Amino acid sequence: MDILQNRGDMMRVESYKHQDVLHRIWKTSFVLHEDDRQVVIANEDVEVIQPDGTDAVFAGIAITIFPKDEWFNTVCVYRNSDKLRYYYTNIASPVRLDRTKNVITYIDYDLDIITYSDLRFQIVDQDEYEVNQVRYAYPSQVMLQIEQAVHKITDLIHTRSAPFAPEIAPYWFRQYRSLIKGEG
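Description of the structure in this document. (Residues numbered from 1 in each chain as written. Predicted model: local features only at pLDDT ≥ 70, side-chain atom pairs only at ≥ 80, totals over all residues. Heavy atoms only, no water.)

1. Digging into the nonpolar core
Piece 1. By size, the foremost hydrophobic cluster in this structure holds 36 residues, and its most contacted members are Ile 63 and Ile 91.
Piece 2. The set of elements that each furnish at least two residues to this core consists of β3 (38-49), β4 (55-67), β5 (72-78), β6 (84-92), β8 (103-115), α2 (140-158) and α3 (168-180).
Piece 3. Of all the elements, α2 adds the most residues to this core, at 7 residues.
Piece 4. Counting residues in hydrophobic clusters, the runner-up holds 13 residues, among them Met 11, Val 13, Ala 92 and Val 95. (Core = buried A, V, L, I, M, F, W, Y, C linked by side-chain atoms within 4.5 Å. Buried < 20%, exposed > 50% of the residue type's maximum accessible area, 1.4 Å probe, protein only. Helix = DSSP H or I, 4+ residues; strand = E, 2+ residues; numbered from the N terminus.)

As structure tokens, this is what we get:
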């Protein structure tokens, strides 16, 4: 696929809980890049439909890297500047794209990893994971994928490999700025 073929397309992002229970919807995001390995999207001050049906705005710029074959996706979070604030990694199923509906979907498996620029990180929402693995009866194979994803992310953080390599987030931030300025 041509790297720039879908650049600038608008997509909606839908996250689900196990058993196809709708979790959140990010109404509009720009596709920055798509190839056989990943999809990269960006949004700014995006409207998000919350689990209770209310709308909220995710303030700032968020650039999300969706590896197509991994059990995680990583959001590079910028607030009120061009400086990366933190990475927010969702432990989640591999992404699915529906080009006919312009929708990106994945299943959110509760655990998240927040990583700061100095490589400190914390795993959050462990209590939610413990509740939901019972509520949704996560199969043992899914729980193994979740465990492997957490280990992979921590390895990527420690080795500063993509998406945590220092040049990755600024590169996609520049691509987003170029796109919205009409230079892309």
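Having put the structure on the table, let's press on.
2. A look at the side chain of Lys 17
Piece 1. Topologically, Lys 17 is positioned in strand β1 (residues 10-17).
Piece 2. Exposure remark for Lys 17: the relative accessible area of 4% places this residue in the buried category.
Piece 3. A distance of 2.9 Å separates polar atoms of two side chains, one belonging to Lys 17 and the other to Glu 128.
Piece 4. In contact with Lys 17, other than residues within four places in its own chain, are His 23, Ile 107, Asp 108, Asp 110, Glu 128, Asn 132 and Tyr 136. (Polar contact = N/O pair within 3.5 Å; in protein donor to acceptor, adjacent residues only side chain to side chain. Contact = heavy atoms within 4.5 Å.)

3. Digging into unusual backbone geometry
Piece 1. Between Ala 162 and Pro 163 the backbone carries a cis peptide bond, its omega angle lying at 10°.
Piece 2. Positionally, Pro 163 belongs in the loop between α2 and α3.
Piece 3. Despite not being glycine, Asp 125 has its phi angle at roughly 65°, a positive value.
Piece 4. Relative to the helices and strands, Asp 125 resides in the loop between β9 (121-124) and α1 (126-135).

4. Remarks on the layout of surface pockets
Piece 1. Taken as a whole, the largest pocket holds about 460 Å³ of empty space.
Piece 2. In terms of lining, the largest pocket is formed by 28 residues, of which the most central are Arg 24, Trp 26, Phe 58, Tyr 88 and Asn 90.
Piece 3. For the lining of the largest pocket, the secondary structure elements donating two or more residues are β1, β2 (21-34), β3, β4, β5, β6 and β8.
Piece 4. Per-element accounting of the lining of the largest pocket gives the leading share, 6 residues, to β4.
Piece 5. Counted by class, the lining of the largest pocket contains 15 nonpolar, 6 polar and 7 charged residues.
Piece 6. Considered as a void within the structure, the second largest pocket measures approximately 300 Å³ in volume.
Piece 7. Mapped by element, the contributors of at least two residues to the lining of the second largest pocket are β4, β5, α2 and α3. (1 Å grid on protein atoms, 1.4 Å probe; cavity = no way out; pocket = protein on both sides within 12 Å on 5 of 7 lines; lining within 4 Å. Points joined across faces, edges and corners; volume = space filled by probe spheres on them. Nonpolar A, V, L, I, M, F, W, Y, C, P; charged D, E, K, R; others polar.)

5. Overview of the packing of aromatic side chains
Piece 1. A complete count under the given rule lists 10 aromatic pairs for this structure.
Piece 2. The interplanar angle of 70° and the centroid separation of 4.9 Å between the aromatic rings of Tyr 87 and Phe 164 together place this pair among those described as edge-to-face. Taken together, the residues Tyr 87 in strand β6 and Phe 164 in the loop between α2 and α3 connect sequence positions 77 residues apart. Neither Tyr 87 nor Phe 164 differs from the other in exposure class; each is buried. (Phe/Tyr/Trp six-rings, centres within 6.5 Å; stacked < 30°, edge-to-face > 60°.)

6. Remarks on the pairing of β8
Piece 1. Counted residue by residue, β8 has 13 buried out of 13 residues, so it is predominantly covered.
Piece 2. Inspection of the sheet shows β1 paired to β8 by 5 bridges, in the parallel sense. Bridging from a neighbouring strand, Ser 15 pairs with Tyr 106 of β8.
Piece 3. The pairing of β6 with β8 spans 5 bridges and is antiparallel. Following the sheet pairing, Ala 92 is matched in β8 by Asp 108.
Piece 4. In textbook terms, the turn of a hairpin is the stretch between consecutive antiparallel strands, and for strand β7 (residues 96-98) and β8 this stretch comprises 4 residues, one of which, Asn 102, has a positive phi near 55°.
Piece 5. Alignment of β8 against β9, held across 4 bridges, turns out to be antiparallel. Residue pairing across strands places Ile 114 opposite Gln 122, the latter belonging to β9.
Piece 6. Following β8, the chain reverses through 5 residues before pairing antiparallel with β9; Leu 119 in that reversal takes a positive phi of roughly 75°. (Pairing = 2+ DSSP bridges.)

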